[in-house]
Number of protein chains: 2
Amino acid sequence: MTGVVVLTGGVGGAKLVDGLYRTLPAGTLSAIVNTGDDFVHLGLSISPDIDSLLYLLSNQANRALGWGREGESWNFMAALRGLGGPDWFNLGDGDLALHVVRSEALRSGKTLTAITAQFTAAWSLDLAVLPMSDGSVATWLDTDAGALPFQDYFVARQCKPAVHAIRYVGAEQAEPSAAVVDALATARAIVLAPSNPWLSVDPILAVPAIRQALRDRRVPVIAISPLVQGKAVKGPTAKLMAELGIDPTNAAIAAHYDGLIDGMVIHDGDDVPTGLATAATDTLMHDEGDRCRVAEVAMALIARLGG
Amino acid sequence: MTGVVVLTGGVGGAKLVDGLYRTLPAGTLSAIVNTGDDFVHLGLSISPDIDSLLYLLSNQANRALGWGREGESWNFMAALRGLGGPDWFNLGDGDLALHVVRSEALRSGKTLTAITAQFTAAWSLDLAVLPMSDGSVATWLDTDAGALPFQDYFVARQCKPAVHAIRYVGAEQAEPSAAVVDALATARAIVLAPSNPWLSVDPILAVPAIRQALRDRRVPVIAISPLVQGKAVKGPTAKLMAELGIDPTNAAIAAHYDGLIDGMVIHDGDDVPTGLATAATDTLMHDEGDRCRVAEVAMALIARLGG
């Protein structure tokens with residue numbers, strides 16, 4: 001069976017992937033995940049968007065925090081502080097296992113794609129979680145506090161600096177893995193998750209071969225709008241749009257994805273973009289039922305588009 | 001004030017260092033520590049003997065386990081097992097901070113001496129904890145189960161294989177740091193801790209410049225015997241001596257250190273080696289008082305020898 005491919009990053013995107021994973025036949029979903037947020041911290045290779053997705057799909061996500069692992073402990077951070085180490089980025093004790101194993105695998109020459117596949121297998125997840133590239137792509141923000149790497153902007157400065165421009169350093173040279181190329185080539189539909197278009201989806205689309213695959217599509221591509229009543233459910237999307245001089249509307253999201261998508265799922269009652277197929281539902285995903293409903297609305301829109 | 005230098009490795013050695021640290025004037029003690037047990041595991045640079053000493057001196061040692069940190073948690077290991085990672089070497093959540101910070105420092109070009117000094121400063125320890133060398137020296141054991149690196153023998157196989165020979169790979173090429181050279185050159189006395197002579201002290205003495213410094217000594221050098229009634233307090237010393245065809249006596253320990261020491265502290269009632277000065281006390285160090293008493297007996301013996 002040909003599969004569905006979802007492009008995703010961040011927590012909102014992960015919820016949609018979870019909905020698709022629960023509603024689609026086993027083994028037919030591939031998630032191409034943003035790695036523009038990836039960074040090396042204390043010598044550890046950290047892939048926040050991949051990890052958030054893996055934790056959510058395997059029912060290990062920390063619901064209270066909204067990130068990291070359920071039942072996490074923090075003795076590493078306490079000891080790190082005791083040594084005068086950097087404590088601006090929280091690393092949970094259990095979470096460290098992913099980073100240590102991944103870092104060691106990368107140093108030994110494994111690809112991020114291979115080690116991520118090892119994690120999904122260890123947790124018995126029956127989907128392909130695919131880093132957008134095994135090459136290095138780093139999201140940088142030009143802000144009124146200077147040029148900042150993503151984690152410095154997002155975690156250390158909590159998205160406070162005003163953003164003038166966003167760059168995906170290394171993207172032009174980045175190539176998608178064979179698994180990404182194959183997933184896109186054989187997909188029956190492609191979905192852009194309700195992730196931040198600039199910070200989570202655009203780094204993926206900045207990889208030339210991925211963007212070209214969407215431009216050349218022969219199957220439906222739809223987006224789930226990240227906006228609800230002109231605001232982001234979580235994160236800095238609306239603030240970022242304002243700083244970039246873009247209205248926080250579905251029409252603006254559609255314009256941003258112009259030439260790449262055929263349809264959009266929007267939140268009930270929000271502005272309806274023109275020039276593409278739309279479907280409306282309550283896109284707030286509080287629980288598993290919500291996630292499955294939004295996934296089903298997305299798949300129904302794909303069906304309407306012939307996918 | 002010129003200082004006292006102690007050569008040490010392992011938990012028994014650390015107890016003697018703690019006794020010396022508590023009884024000598026602040027800032028006058030230097031510990032030269034075995035690094036032959038050091039290894040890289042999961043990409044982390046681990047220095048077990050340095051860490052055991054730092055934990056004990058800073059009152060962070062786990063009393064129940066006899067190794068690691070007090071109040072340790074084990075969520076990293078649980079998560080590592082969940083990923084199918086290697087679990088034969090236990091890494092506590094707080095303990096990981098030392099390894100992660102050290103690994104990152106070494107990769108960034110710092111020496112083990114420098115990062116160890118950073119740890120002693122962070123924990124307000126007023127002594128010099130000096131790795132025997134910043135070069136690589138690895139203890140290997142030739143056993144009836146083949147040639148084994150130290151941790152494989154000691155932890156994974158719990159010292160069960162019979163040992164035919166011990167090698168300190170890299171020792172011939174290893175140079176002591178400037179701090180070690182200086183500590184030895186300015187010492188008023190040198191003490192060999194009651195550590196395993198073959199596994200903990202010999203790797204240090206295998207560094208040519210350190211061995212030569214002891215041979216050329218102009219100050220007293222004494223050893224604390226690791227034996228109590230012909231047995232080791234902890235660890236495989238007596239088993240190892242039997243496998244190497246050496247009687248488990250203080251005379252044999254004295255012969256092993258022949259030409260390097262002038263005196264020995266032995267356990268009450270045990271055999272008294274000839275040809276060197278001796279002092280006897282209860283060398284079992286159950287508590288802080290015991291450690292200080294043994295240290296005081298050692299310093300009194302040094303005084304008798306003119307140190």
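Structure report, in brief. Here the residue index of a chain counts from 1 through its sequence in written order. Whichever chain is written first becomes A and whichever ligand is written first becomes 1, with later ones labelled in order. The predicted nature of this model means local features are confined to residues of pLDDT at least 70 and side-chain atom pairs, given and counted, to a pLDDT of 80 or more, with totals for whole chains, interfaces and linings taken over all residues. Hydrogens and water are ignored here; the side-chain numbers use all heavy atoms of the structure.

## Some points on the sheet that holds strand S14 (residues 277-281) of chain A
Residue and element names in this part refer to chain A.
Here is step 1: Here we have 7 strands laid out as an open sheet, ordered S5-S2-S1-S9-S10-S13-S14, and parallel in their pairing. Each edge of the sheet is formed by a strand with only one pairing partner; in this case those strands are strand S5 (128-131) and S14. Ignoring strand direction, the axes of neighbouring strands in this sheet form an average angle of 20°.
Here is step 2: At least two bridges found by DSSP between two strands are what make those strands a pair. Secondary structure counts use DSSP, requiring at least four H or I residues in a row for a helix and at least two E residues in a row for a strand, with both numbered from the N terminus. Both strand S13 (residues 263-267) and S14 contribute to a ladder of 5 bridges, which runs parallel. The partner of Ile266 across the bridge, within S14, is Ala280.
Here is step 3: Any two residues whose heavy atoms approach within 4.5 Å are treated as being in contact. Only C-alpha atoms enter the line fits that serve as axes; for helices the fit covers just the stretch in contact. Angles between N-to-C directions range over 0 to 180 degrees. Sitting on the sheet, helix H1 (residues 10-23) is in contact with strand S1 (4-8), strand S2 (29-33), strand S9 (189-192) and strand S10 (221-224), with an inclination near 165° to S1.
Here is step 4: Lying on the sheet, helix H7 (residues 178-186) is in contact with S1, S2, S5 and S9; it crosses S5 at an angle near 120°.

## Here we look at the relation of the copies chain B and chain A
Here is step 1: Residues below a pLDDT of 70 in either copy are left out; the C-alpha atoms of the rest, at least 70 in both, set the least-squares superposition of the copies. Rotating chain B by 180° and moving it 0.0 Å along the rotation axis overlays it on chain A with an RMSD of 0.0 Å. What the rotation and shift describe, once combined, is the action of a two-fold rotation axis. Nearest to the rotation axis, the C-alpha of Asp93 of chain B is located 2.8 Å from it, this being the minimum over chain B.
Here is step 2: Mapped onto chain A, 100% of the interface residues of chain B again fall at the interface, so both copies present the same surface.

## Section: the interface of chain B and chain A
Here is step 1: The partner chain A presents 23 residues to the 23 residues of chain B that form the contact.
Here is step 2: As a working definition, buried area equals the accessible area (1.4 Å probe) given up by two parts on being put together, with both sides summed. Between chain B and chain A, roughly 2000 Å² of surface is buried when both sides are summed, and carbon and sulfur atoms account for 70% of that area.
Here is step 3: Salt bridge criterion: a side-chain nitrogen from Lys or Arg within 4 Å of a carboxyl oxygen from Asp or Glu. In this structure, the connection of chain B to chain A is made through 0 salt bridges.
Here is step 4: We call two N or O atoms a polar contact when they sit within 3.5 Å, provided that within protein one can donate a hydrogen and the other can accept it, with sequence-adjacent residues counted only if both atoms are side-chain atoms. At the boundary of chain B and chain A, one finds 4 residue pairs in polar contact (both at pLDDT 80 or more).
Here is step 5: Looking at the side of chain B that touches chain A, the elements that each hand over two or more residues are helix H3 (75-82), helix H4 (95-107) and helix H5 (112-122) of chain B.
Here is step 6: For the side of chain B that touches chain A, the element with the highest residue contribution is H4 of chain B, accounting for 7 residues.
Here is step 7: Side-chain classes follow a simple rule in which Ala, Val, Leu, Ile, Met, Phe, Trp, Tyr, Cys and Pro form the nonpolar group, Asp, Glu, Lys and Arg form the charged group, and the remainder, Gly included, forms the polar group. Considering only residue class, the side of chain B that touches chain A consists of 14 nonpolar, 5 polar and 4 charged.

## Focus: the pattern of salt bridges
Here is step 1: Tallied over the full model, the rule gives 22 salt bridges over all chains.
Here is step 2: Among the salt bridges present, the one from Asp51 of chain B reaches Arg102 of chain B, with a minimum N-O distance of 2.8 Å. One end of the pair, Asp51 of chain B, is in helix H2 (residues 48-57); the other, Arg102 of chain B, is in helix H4, and 51 residues separate them in sequence. Arg102 of chain B shares its class with Asp51 of chain B; the two are buried.
Here is step 3: Put simply, Asp18, Arg22, Glu288 and Arg291 of chain A are held in one network by salt bridges that share partners. Exposed residues in this analysis have more than 50% of their type's maximum accessible area, buried residues have under 20%, and partly exposed residues fall in between, with area computed by a 1.4 Å probe over protein chains only.

## A few points about the pairing of S9 of chain A
All names here are of chain A.
Here is step 1: Every second residue of S9 is oriented toward a common face, with Ala189 and Val191 on one face and Ile190 and Leu192 on the other, all of them buried.
Here is step 2: Where S1 and S9 come together, 4 bridges link them in parallel fashion. Within the sheet, the bridge partner assigned to Val6 lies in S9 and is Val191.
Here is step 3: Sheet topology places S9 next to S10; 3 bridges connect them, and they run parallel. Within the sheet, the bridge partner assigned to Leu192 lies in S10 and is Ala223.

## Here we look at the layout of surface pockets
All names here are of chain A.
Here is step 1: Size it by volume and the second largest pocket reaches roughly 1100 Å³.
Here is step 2: In this structure, the second largest pocket is lined by 47 residues; those nearest its centre are Gly10, Val11, Gly66, Phe154 and Lys234.
Here is step 3: For the lining of the second largest pocket, the elements supplying multiple residues, two or more each, are H1, helix H2 (48-57), helix H4 (95-107), helix H6 (150-156), helix H8 (197-205) and strand S11 (227-228).
Here is step 4: Looking at the lining of the second largest pocket residue by residue, the class counts come to 22 nonpolar, 19 polar and 6 charged. Cavity: a set of points on a 1 Å grid over the protein atoms alone where a 1.4 Å probe fits but cannot get out. Pocket: an open set with protein on both sides within 12 Å along at least five of seven lines, its lining residues, like those of a cavity, having an atom within 4 Å of a point. Grid points are joined across faces, edges and corners, and a volume is the space filled by probe spheres set on the points.

## Side note on a nonpolar patch on the surface
Here is step 1: On the surface, a cluster of nonpolar side chains totalling about 270 Å² of accessible area is made up of Leu65, Trp67 and Trp74 of chain A.
Here is step 2: Mapped onto the secondary structure, Trp74 of chain A falls in the loop between H2 and helix H3 (75-82). Each patch is built from salt-bridge-free residues with over 30% relative accessible area, joining like charges within 9 Å and nonpolar side chains (Val, Leu, Ile, Met, Phe, Trp, Tyr) within 5 Å. Values of accessible area rely on a 1.4 Å probe in the Shrake-Rupley scheme; residue burial ignores everything except the protein chains shown.

## Section: the nonpolar core
Here is step 1: Of all hydrophobic cores here, the largest spans 114 residues; its most connected members are Phe76 of chain A together with Phe76 of chain B.
Here is step 2: Excluding residues within four positions of it along the chain, Phe76 of chain B makes contact with Asp93, Gly94, Leu96, Ala97 and Val100 of chain A together with Leu42, Leu91, Asp93 and Leu96 of chain B. Side-chain atoms within 4.5 Å link the members of a nonpolar core, which is a set of buried Ala, Val, Leu, Ile, Met, Phe, Trp, Tyr and Cys residues.

## As for the packing of aromatic side chains
Here is step 1: Aromatic rings from Phe, Tyr and Trp, with only the six-membered ring used for Trp, were paired whenever their centres fell within 6.5 Å, and each pair was classed as stacked if the ring planes differed by under 30 degrees, edge-to-face if by over 60, and tilted otherwise. Under the counting rule described, the total for this entry stands at 12 aromatic pairs over all chains.
Here is step 2: Taking the centre distance of 6.1 Å and the plane angle of 45° together, the rings of Phe39 of chain A and Trp88 of chain A count as tilted. Taken together, the residues span a long stretch of sequence, with Phe39 of chain A in strand S3 (residues 39-41) and Trp88 of chain A in the loop between H3 and H4 at a distance of 49 residues.
Here is step 3: With a centroid separation of 4.8 Å and an interplanar angle of 70°, the aromatic rings of Phe39 of chain B and Phe89 of chain B are classed as edge-to-face. In this pair, Phe39 of chain B sits in strand S3 (residues 39-41) while Phe89 of chain B sits in the loop between H3 and H4, placing the two residues 50 residues apart along the sequence. For the residue pair Phe39 of chain B and Phe89 of chain B, the accessibility class agrees, reading buried in each case.
Here is step 4: An aromatic cluster is built from Phe39, Trp88 and Phe89 of chain A, whose rings are joined through pairwise contacts.

## Let's talk about empty space enclosed by the protein
Here is step 1: Applying the stated criterion to the full structure yields 1 cavity of 30 Å³ or more.
Here is step 2: Its residues assigned to classes, the lining of the largest cavity comprises 5 nonpolar, 3 polar and 2 charged.

## Observations regarding the sheet that holds strand S7 (residues 146-149) of chain B
Residues and elements named next belong to chain B.
Here is step 1: Strand order across the open sheet formed by 3 strands is S7-S6-S8, with antiparallel pairing between neighbours. The open sheet terminates on both sides in strands that have one partner only, identified here as S7 and strand S8 (163-169). With direction set aside, neighbouring strand axes in the sheet form an average angle of 25°.
Here is step 2: Two strands pair when backbone bridges link them, and strand S6 (residues 138-143) and S7 are joined in this way by 4 bridges, in the antiparallel orientation. By the bridge assignment for S7, Leu141 is matched with Leu148.
Here is step 3: In the packing of helix H8 (residues 197-205) onto the sheet, contacts are made with S6 and S8, and the angle to S8 comes to roughly 25°.

## Describing the environment of His256 of chain B
Residue and element names in this part refer to chain B.
Here is step 1: On the secondary structure map, His256 appears in helix H11 (residues 250-256).
Here is step 2: Residues His256 and Leu284 lie 28 residues apart in sequence; the distance between their C-alpha atoms is 22 Å.
Here is step 3: There is a polar contact of 2.8 Å between the side chain of His256 and the side chain of Asp202.

## As for the environment of Leu42 of chain B
Here is step 1: Residue position: Leu42 of chain B is located in the loop between S3 and strand S4 (44-46).
Here is step 2: Sequence-wise, Leu42 of chain B and Ala165 of chain B are 123 residues apart; in three dimensions their C-alpha atoms are separated by 28 Å.
Here is step 3: In this view, Leu42 of chain B contacts Val100, Glu104 and Arg107 of chain A together with Phe76, Leu80, Pro86 and Leu91 of chain B; residues no more than four positions away in its chain are not counted.

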